[in-house]
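Coordinate analysis (summary)
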Amino acid sequence: MDIVTKSAGEGEDIPDAYETEVRVNSLVWITSLRESEKGVTDRILEDLEPHLNKLGIGFTRFEPRSRDELYAFLDMLREKAVSSFRPIIHLDMHGHAQDGLKVVASGENAPWPHMVELFREINVAMNNCLCVISLACFGFHILRDLDFKKPTPFYALVGSDREIAAGDIEERAMRFYKRVFEAQDLATACEEVWQDSPRLWLAEKYLFEILVNYVLKTTKGQFLRARRESALTFARRQGLPASDMKAYRRWVRENLKPNAHLIDKYGRRFFIGRPVNFTLKQVKDAAELFEKKLKRTRRRTGHEPYFMFNRH
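In this text, all values refer to a predicted model and were calculated from it rather than measured experimentally. (Residues numbered from 1 in each chain as written. Predicted model: local features only at pLDDT ≥ 70, side-chain atom pairs only at ≥ 80, totals over all residues. Heavy atoms only, no water.)

Here we look at the packing of aromatic side chains
Heads up, the condition is: A pair of aromatic rings is counted whenever rings of Phe, Tyr or Trp (Trp by its six-membered ring) have centres within 6.5 Å, and the orientation is called stacked for planes under 30 degrees apart, edge-to-face for over 60 and tilted otherwise. Only DSSP runs of H or I with at least four residues qualify as helices, and only runs of E with at least two residues qualify as strands; both kinds are numbered from the N terminus onward. Each residue gets one of three labels from its accessible area relative to the maximum for its type: buried under 20%, exposed over 50%, partly exposed in between, using a 1.4 Å probe on protein chains only. Placement of a positive charge over a ring is assigned whenever Lys NZ or Arg CZ falls within 6 Å of the ring centre and within 35 degrees of the normal to the ring plane.
According to the stated counting rule, one finds 13 aromatic pairs in the structure shown. When the centroid spacing of 5.8 Å and the interplanar angle of 50 degrees are considered together, the rings of F176 and W194 count as tilted. One end of the pair, F176, is in helix α4 (residues 166–183); the other, W194, is in helix α5 (residues 186–194), and 18 residues separate them in sequence. Accessibility classification places F176 together with W194 in one group, the buried group. Ring plane angle 15 degrees and centroid distance 6.1 Å describe the contact between Y177 and F181, whose orientation is recorded as stacked. Of the two residues, Y177 and F181 both sit in helix α4, four residues apart, roughly one turn of that helix. In this structure Y177 comes out as buried when scored by relative accessible area, which is 1%. What makes F181 buried here is its relative accessible area of 1%. Each member of the aromatic cluster is reached from another via a ring pair, and the members are F119, F148, F154, W201, Y206 and F270. The ring of F85 carries K80 above its face, with NZ or CZ at 4.1 Å from the centroid. Directly above the aromatic system of Y155 lies the positively charged group of R274, at a separation of 4.4 Å from the ring centroid.

Okay, structure coming up:
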């Protein structure tokens, strides 16, 4: 089954809307709760499992007894994902802003950096199709350990930067998954069911943000002038003859401009080689529009502006 994730245009920030798809054939529900809390999960799954069976979506429930058992299970999912296994991973656990996820049976924490690495391995095996639904409190804190120099740990993450009430989960989880699998639309399901929290983070939007800020910081204004001077100074120190400096200046001017290789370079690494649905022109246009906004805005001394979507 293909699940659509819509990335709608955000006013002046990005010119056009686009849609992407991820293939899903299973839901993996990882749960670790106190005995008094398990009733909420049981009631949700009593309705959800039969519904998934009718749709032909596989279902697995797993309750780790220790942190190592959780890690081993995720490693097993990675091995399965090398073939045709394409799960959504649901985290039905307690979360802490600093300590990560809680394995209740052993009292151990699974730190966010560890979880990032395990999800990254699964996502690489899935060619960047992993969707993680984190109904753990503070689930978005996993993004603190995101390293743009490495492959993204998930294609899409549904989570929150604050606590999530158990009552909200019980009331909305079934509606959310019905919307996801029947309408095959993750973004709309988040907007209609969860609204502000949890919400959807998309690796593609994050990549767009990174590239817009790269253009702003390295190819415009004082930043561009500093890079040009650095390149020319380096050439002089290397003994480039004065007669060649004019041609070298022209080469530097042209090659410090963002070109078509920009998206390919970063997309191949962070986006795991998956094609993106935006163009260099859209990146440059967003940078230009953001610059115009800055000129109309009073800036604080020492404040470095950063282009960012209102939400993911």
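Here we look at the pairing of strand β4 (residues 58–62)
Here is the rule: Criterion used throughout: strands pair if DSSP finds at least two bridges between them. With strands facing away from the observer, any crossover in which the path from the first strand over the helix to the second runs clockwise is taken as right-handed.
Taken together, the five bridges between strand β3 (residues 26–32) and β4 define a ladder with parallel strand orientation. The partner of V28 across the bridge, within β4, is T60. In this fold, β3 hands off to helix α1 (residues 38–55), which returns the chain to β4; that crossover is right-handed.

Overview of the packing of helix α6 (residues 203–218) against helix α10 (residues 280–295)
Threshold: Note on definitions: angles span 0 to 180 degrees between N-to-C directions of axes, and those axes are lines fitted to C-alpha atoms, for helices only across the stretch in contact. Handedness of a crossing is defined here by the sense of rotation of the near helix relative to the far one, left-handed for an anticlockwise turn of less than a right angle and right-handed for a clockwise turn. A contact between two residues is defined here by any heavy atoms of the two lying within 4.5 Å. Amino acid classes used here: Ala, Val, Leu, Ile, Met, Phe, Trp, Tyr, Cys and Pro are nonpolar; Asp, Glu, Lys and Arg are charged; the rest, including Gly, are polar.
With their axes 9 Å apart at the nearest point, α6 and α10 run at an angle of 65 degrees to one another. In terms of crossing hand, the pair formed by α6 and α10 is right-handed. Residues F208, L211, V212, V215 and L216 of α6 pack against Q282, V283, A286, A287, F290 and E291 of α10. Of the residues in the contact of α6 with α10, the class split is nine nonpolar, one polar and one charged.

Concerning the pattern of salt bridges
Applicable threshold: Here a salt bridge means any side-chain nitrogen of Lys or Arg lying within 4 Å of a carboxyl oxygen belonging to Asp or Glu.
Considering all chains together, one arrives at 15 salt bridges under this definition. Residue E117 pairs with R120 through a salt bridge whose shortest N-O separation is 2.6 Å. On the criterion of helical spacing, the pair formed by E117 and R120 is a turn pair, its members being three residues apart in helix α3 (residues 112–125). Several salt bridges share partner residues, and in doing so they unite D75, R78, E79 and E121 into one network.

Here's the deal with unusual backbone geometry
Of note, N128 is a non-glycine position whose phi angle comes to about 65 degrees, a positive value. Secondary-structure assignment places N128 in the loop between α3 and β8 (131–134). With a phi close to 60 degrees, I272 is a non-glycine residue in the positive phi region. If you trace the backbone, I272 turns up in the loop between α9 (261–270) and α10.

Quick word on α1
What sets the pattern is the α-helix's 3.6 residues per turn: residues three or four places apart point alike. As a reminder of what qualifies: To estimate how far a helix should extend, the number of its residues minus one is multiplied by 1.5 Å. In this analysis the local bend is the angle between axes fitted, respectively, to the seven residues ending at and the seven residues starting at the residue.
For α1, which comprises 18 residues, the first-to-last C-alpha distance of 25 Å matches the rise-based estimate of 26 Å (1.5 Å per residue) to within 8%. Maximal helix bending in α1 amounts to about 30 degrees, located at L45. Along α1, the positions that sit buried rather than exposed are K38, V40, T41, I44, L45, L48, H51 and L52. G56, located one to two residues past α1, shows a positive phi value of around 75 degrees.

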